[in-house]
Amino acid sequence: MRIPLDYYRILGLPLAASDEQLRQAYSDRIVQLPRREYSQAAISSRKQLIEEAYVVLSDPKQRSTYDHLYLAHAYDPDNLAAAAVALENSPESTKRGSNTQSLGIEITQDELVGALLILQELGEYELVLKLGRPYLVNKNGATSPRKGNNLADEEIHESAEHPDVVLTVALACLELGREQWQQGHYENAAISLETGQELLVREGLFASVQAEIQADLYKLRPYRILELLALPQEKTAERSQGLELLQNLLEDRGGIDGTNNDDSGLNIDDFLRFIQQLRNHLTVAEQHKLFEAQSKRPSAVATYLAVYALIARGFAQRQPALIRQARQMLMRLGKRQDVHLEQSLCALLLGQTEEATRVLELSQEYEALAFIREKSQDSPDLLPGLCLYAEQWLQHEVFPHFRDLANQQAFLKDYFANQQVQAYLEALPTDAETTNEWAVINPQNFPQPQTNNLPFPKNSTRTPKQFNHNRTPDLDLPDTPEYSNFSPPMWNSSGNVKSEVPAAERTSRGTKEHLNGSVKSATPAHNQKRRRRKPAPSPIRERLPDNRPHSRRPRRRRTFANTIEGKTRLVWRVFISLVSILVFWVLATTTFGWLKNLFFPTRPAPVSQLFVQINQPPISIPDPNSQPQGLDGSLTDAAAEEVIRTWLSTKAEALGPNHEIDNLEQILTGSALSQWRAIAQQARSDNRYRKYEHSVKVESVEKIDLFADRAAVVATVKEATQLYENGQFKNSSNENLRVRYDLIRQRGKWRIQSASVVNQIIR
């Protein structure tokens, strides 16, 4: 059998590789071993091919012949006459691995496993499948009656090396599937993985590899679902397969907000984001069927998603019965979260305007209420604003999550003008009977999903010109088979930008924010600053002159707090209450203080007397020998001159014959002390000393900051020096310097902190 391999590829080397590179590559390939599932015969077969390649390429003569054939095949495949002549004159070992028609090596049946192993290590997975498939078929090439592309469909030929070949082909399917996974071809990846798994299951071999492939198939399942459901609606078979996979996934998890382990690697929050992204690929009928079935587990998340599907389908297909069913499901959800806004919208779509207004006033959706009130300023009730909000809510928050309704317009006028809708609304009970529907609705308890944050956040990714709604970001899912941290496959038809998931802003919203991914705010961006404008007729009123649903009861009277007189009285009552509280507090504190002084008088503080002794002065008398200071404690010229003279005499003692280094601490501090101490110690160790004669004249004294404990002194110093080394006179010098001294006062005594020569005076 001929395998399309050359010796350079076996060793992983280029054509121009040096001898040292050849030896290193051979050593690395021999040390590198395949998976532990392979038999010793397979490992030996692989090693034999590597050694054969090394023997040919390590011999200069054989390598020259092989290179000539290699280049002839690569650059002149049509003229191989010269290569054939060179092949006849080559050694026998070179003839085995060479052919004038194709560049490859001839192998025996026993060496097939080793060759397939090397090809797999080189990443040639498709070539491994191509070469391994004929071997796995029986000698006559007969196949089972089921024709297909899967290796498992064909009869397997038993032999000694058969398990190793099966393992190699299965691993090639596994690696090929992972490669296709990384490229985003999820269904092709699943086919490759299933092919390898079916082969191993049929043979009953290598259970550990079967489990590894199955784990990848479980993690790949959410990607397959998204890819299949994102296909055009005409591909019904593929989309039906995606829905079936979704049903199996939900069964394994125990529902949308279930906590069972489905081996997909998604926690509860990730799975809810996956469901939210999945909604964009499902039609309204598919979502209705799916979420209504899941809501019976029971599941609060599925119930809320079913409500949206019922409202969208009922409005789009003019079926008010579905909207009424959605309102009944909202009544069950209302036990645990605020869904009054959605209930109000359902009542509006059912023509029960009085009920819609009543329920709306119970809602805590403050931004939506602000928008509705602003649009209803010129009306005695909130109906105009609620109608406008309903249209915008359906258009920008409900319809975009259904692939068949994303481009549909929502007009209440057309909805109420429909004859089927009008007939159904006329047969509905009155508003009074509607409020009693709680009695006929069976309560249903929903388990609380254990989520750390809201899975569908309020991140705005799209803001219409007249309506501000937040679109839901796509799911952040993995795209590489690395088992834990994946990045998402994005099939976002609306071009939404991905956004991170924030922490929960209001836990009382619960599943409501989980499912629709946005706050139910209809406040336009340009209306955040409230201002009155000239009254204008409502566009909804102009569109609905005849078909707007009418209440069967007279409108309620406006409450006391809504009238101007009532508001004015309320303000006066609050003001008078605050004043009364203030007066009461002043009287109470004054009375308490008077009673405290009456019953618990405070004793006068004792008067301290001066302590003066006859034998000691009241103030300290300065020492006549102390340094004179100014009235404010600053350094005078005389005191500065005395400090400098003290320093020069101390310097002469420290560097003199006796090296009295300890005296430096009496006049120096900081860096100057450490510097001159080191100089004196070095002079003592070198057996050197100096004799000085000094004269000093202070030129100026100035403070260097706002405090009186620091000063800068500029003085002219005449210094005559005689240097002695080992007791013998060496040289002498005579300098006239202008020196700046930085002084600091520590514990009442001035010390030199640093000194620097300004210039040398030459005369």
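Residues numbered from 1 in each chain as written. Predicted model: local features only at pLDDT ≥ 70, side-chain atom pairs only at ≥ 80, totals over all residues. Heavy atoms only, no water.

Peer 1: Lay out the packing of aromatic side chains in plain terms, naming residues and giving numbers.
Peer 2: Within the structure shown, the criterion is met by 17 aromatic pairs. Consider the rings of Tyr8 and Tyr70, whose centres lie 5.8 Å apart with planes at 70°: the pair is edge-to-face. Note that Tyr8 is positioned in helix 1 (residues 7-11) and Tyr70 in helix 4 (residues 60-75), a separation of 62 residues in sequence. By relative accessible area, which is 2% here, Tyr8 ends up buried. For the pair Phe371 and Tyr389, a centre-to-centre distance of 6.3 Å together with 55° between the ring planes defines the contact as tilted. Highlighted residues: Phe371 in helix 19 (residues 366-375) and Tyr389 in helix 20 (residues 383-398), separated in sequence by 18 residues. (Phe/Tyr/Trp six-rings, centres within 6.5 Å; stacked < 30°, edge-to-face > 60°. Helix = DSSP H or I, 4+ residues; strand = E, 2+ residues; numbered from the N terminus. Buried < 20%, exposed > 50% of the residue type's maximum accessible area, 1.4 Å probe, protein only.)

Peer 1: I'd like a rundown of the packing of helix 9 (residues 162-182) against helix 10 (residues 186-203), residues and numbers included.
Peer 2: Two numbers describe how helix 9 lies on helix 10: the axes approach to 7 Å, and their chain directions differ by 160°. Here helix 10 runs roughly antiparallel to helix 9, going by the angle between their axes. Two packed elements cross with a definite hand, and for helix 9 against helix 10 that hand is left-handed. When helix 9 is examined against helix 10, the residues His162, Val166, Val169, Ala170, Cys173, Leu174, Leu176, Gly177, Gln180 and Trp181 are found in contact with a partner set consisting of Tyr186, Asn188, Ala189, Ser192, Leu193, Thr195, Gly196, Leu199, Leu200 and Glu203. (Axes fitted to C-alpha atoms, helices over the stretch in contact; angles between N-to-C directions. Parallel < 35°, antiparallel > 145°, perpendicular 65-115°, else oblique. Left-handed = near helix turned anticlockwise from the far one by under 90°. Contact = heavy atoms within 4.5 Å.)

Peer 1: Just give me the short version of helix 28 (residues 670-685), but keep the residues and values in it.
Peer 2: Relative to the 22 Å expected for 16 residues at 1.5 Å per residue, helix 28 spans 23 Å between its end C-alpha atoms, a close match to the ideal helical length. Buried within helix 28 are the following residues: Ala672, Leu673, Ala680 and Ala683. The buried residues of helix 28 occupy an angular sector of 100° when projected down its axis, which confines them to one face. At its buried positions, helix 28 is contacted by helix 27 (637-654), strand 3 (688-702) and strand 6 (749-760). At the C-terminal side of helix 28, Asn687 shows a positive phi close to 60°. (Expected span 1.5 Å × (residues − 1). Arc of directions from axis to C-beta.)

Peer 1: Please set out the pairing of strand 5 (residues 728-746) residue by residue, giving values where relevant.
Peer 2: As paired strands, strand 4 (residues 710-725) and strand 5 are joined by 16 bridges and run antiparallel to one another. Looking at the pairing, Val717 lines up with Leu737 of strand 5. Between strand 4 and strand 5, which pair antiparallel one after the other, the connecting turn spans 2 residues, and Asn726 there sits at a positive phi close to 55°. In this sheet, strand 6 lies alongside strand 5 in antiparallel orientation, the contact comprising 10 bridges. Residue pairing across strands places Val739 opposite Val757, the latter belonging to strand 6. Where strand 5 folds back onto strand 6 in an antiparallel hairpin, the turn is made up of 2 residues, including Arg747, whose phi is positive at roughly 55°. (Pairing = 2+ DSSP bridges.)

The quantities given are spatial measurements derived from coordinates; they are silent on function.
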